[in-house]
Amino acid sequence: MKKLDIVFTAILVPIDFLMLFLAALVAYFLRFQVFIQYRPIVFDLPLKSYVNAVLLIILLWLFIFVLIGLYKFERRRFIDEFSKIILACSAGFAAVVILMFFQRELFNSRFIILAAWGLSIVFVSFGRLVIRLTRRLLYRKGIGVHQVIVIGEDKIADELISTFCKFPGIGYKVIRKFKKFDKETAAQIEEIKKAREIDEIIYANPEINRTEVLNLIDFCDVNHITFKYSADLMAAHTVNIEVATIAGIPIVELKKTHLEGWGRVYKRIFDIVGSFILIILFLPVMLLTALAIKLDSRGPIFWSRLDDGSPVKRIGQHGKPFGYFKFRSMRPGTHHLRYTELAALDFRKGPLAKIKEDPRVTRVGRFIRRYSLDELPELFLVLVGKMSLVGPRPHLPEEVAKYQKHHLRVLTVKPGITGLAQISGREKLDFEEEVKLDTYYIENWSLKLDLYILLKTPGAVLKGAV
């Protein structure tokens, strides 16, 4: 999902809040300034008391908006959105009426309630229309546009391409069209991906070739490209699908994880708040660890440079490298030995090198590794958005280069400090078992699962250290 889509959907909440507040204020001033000459006021309603009540009611209305689906990350026609706005505002109006019945006071003005209901529909619709028009304007300027490859030789494929070209405000730009997906097409798409970003591949061939589609889904997973297909393929077995209509043609998106849309927003907020709190809690521990490293051996406190002086990189979400650092636990200038002199001591199968009784590790390094204290600086990487509190562990570029195709699935999400594999056996697991657990986490993500993993992590660390 494009960042622009997330921004515009997330910004709907404060915009709706503002529009509802303005609707309530206009209703108040209409009653007290405009219609007072037609109907005298026989009750006392100070503006401050009114605003305090309105703020609480708006929070209730926003909750109703969520329940009705006004904040879902999906494309819909404005008429469909408008109908949902009417339904949501009417439900909010009904809730206020019920509150008035039991409270017997609240506003003491039927006019304000009715006016606020009608104005809320108008104001919220206006705010949503402005957001929609702004997004279309940005799309026309090429900002946030979805880069698409269409595969198919039927008229449906041609109609989609024609619609995308004719209406740039839709937000799709066709990079290339292929008649079918085979090894030659895959190679060409990989070459295109090196030169420019590819967001989606739309399979628009009603004559379904099961093998071709499965190969294409596998290709999209490996290359972190969203896979969509025309509704004629609904007979195929799929999980976590989302249907949208473009040019009257149903298009189905195959979701890789729940960590999209609001899930991504929730997880990021969870990471920011959680990492900030943990940094404060563990700051004394980190200061003591830094001091112990400095007193124990020569060299820097953090491991952030390779033996040749180049910065340490780990592979993050979608295979993108990021600058990495943690507390130094080894003697300086010995990192490369894991692939040369110490390669025979590697006890773990797979692309990750694990050295038993590693002679490069210092006395303090052995202790901080045992209790995973060397990884505490990763909290700062979580705070800035390079990592997450929970997710698959980040690996070195040379390790990721040895991944098999199905291993690349773990790069779908941001890497984490801890994960399902870390609370299920840590280094005792072989790499294939770790990938299976990480894949399960990606497909079944929830904030509840994140919280469960975080709460289980201290116990797993202490158990593994004994």
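The structure this text deals with has already been given above.
What counts and how
- Residues numbered from 1 in each chain as written.
- Predicted model: local features only at pLDDT ≥ 70, side-chain atom pairs only at ≥ 80, totals over all residues.
- Heavy atoms only, no water.
- Salt bridge = Lys/Arg side-chain N within 4 Å of Asp/Glu carboxyl O.
- Helix = DSSP H or I, 4+ residues; strand = E, 2+ residues; numbered from the N terminus.
- Buried < 20%, exposed > 50% of the residue type's maximum accessible area, 1.4 Å probe, protein only.
- Polar contact = N/O pair within 3.5 Å; in protein donor to acceptor, adjacent residues only side chain to side chain.
- Contact = heavy atoms within 4.5 Å.
- Pairing = 2+ DSSP bridges.
- Right-handed = clockwise from strand over helix to strand, strands pointing away.
- Axes fitted to C-alpha atoms, helices over the stretch in contact; angles between N-to-C directions.
- Parallel < 35°, antiparallel > 145°, perpendicular 65-115°, else oblique.
- Nonpolar A, V, L, I, M, F, W, Y, C, P; charged D, E, K, R; others polar.

Draft legend 1. Structural context of the pattern of salt bridges. In the structure shown here, the tally under the stated rule is 14 salt bridges. In this structure, Arg132 engages Glu81 in a salt bridge whose closest nitrogen and oxygen atoms are separated by 2.7 Å. Here Glu81 lies in helix α4 (residues 78-103) and Arg132 lies in helix α5 (residues 110-140), a separation of 51 residues in the sequence. Pair check on accessibility: Arg132 and Glu81 agree, each one buried. Linking Lys177 and Asp158 is a salt bridge whose minimum nitrogen-to-oxygen distance equals 2.7 Å. Linking Lys177 in strand β2 (residues 172-178) with Asp158 in helix α6 (residues 155-166), this pair joins segments that are 19 residues apart in sequence. What makes Lys177 partly exposed here is its relative accessible area of 33%. The class of Asp158 is partly exposed, set by a relative accessible area of 40%.

Draft legend 2. Summary view of the side chain of Ser275. Along the chain, Ser275 turns up in helix α9 (residues 262-296). Note on Ser275: relative accessible area 0%, which makes it buried. In terms of polar contacts, Ser275 uses its side chain to reach the backbone carbonyl oxygen of Ile272, at 3.2 Å. Among residues more than four places away in sequence, those in contact with Ser275 are Leu379, Val382, Leu383 and Leu389.

Draft legend 3. Structural view of the pairing of β2. Pairing analysis gives six bridges linking strand β1 (residues 146-151) to β2, with the strands arranged parallel. By the bridge assignment for β2, His146 is matched with Tyr172. In the classification by handedness, the crossover that spans β1, the intervening α6 and the parallel β2 is right-handed.

Draft legend 4. Quick peek at the side chain of Glu81. Given a relative accessible area of 6%, Glu81 falls into the buried group. Reaching out from Glu81, the side chain makes a polar contact with the side chain of Arg132 at a distance of 2.7 Å. Not counting residues up to four positions away in its chain, the partners in contact with Glu81 are Leu70, Arg76, Arg128 and Arg132.

Draft legend 5. Representation of the packing of α9 against helix α10 (residues 363-370). At a minimum axis separation of 8 Å, α9 and α10 run at an interaxial angle of 150°. By the angle class used here, α9 and α10 are roughly antiparallel. Together, Thr289, Ala292, Ile293 and Asp296 of α9 and Arg363, Val364 and Ile368 of α10 make up the contact between the two elements. Considering only residue class, the contact of α9 with α10 consists of four nonpolar, one polar and two charged.

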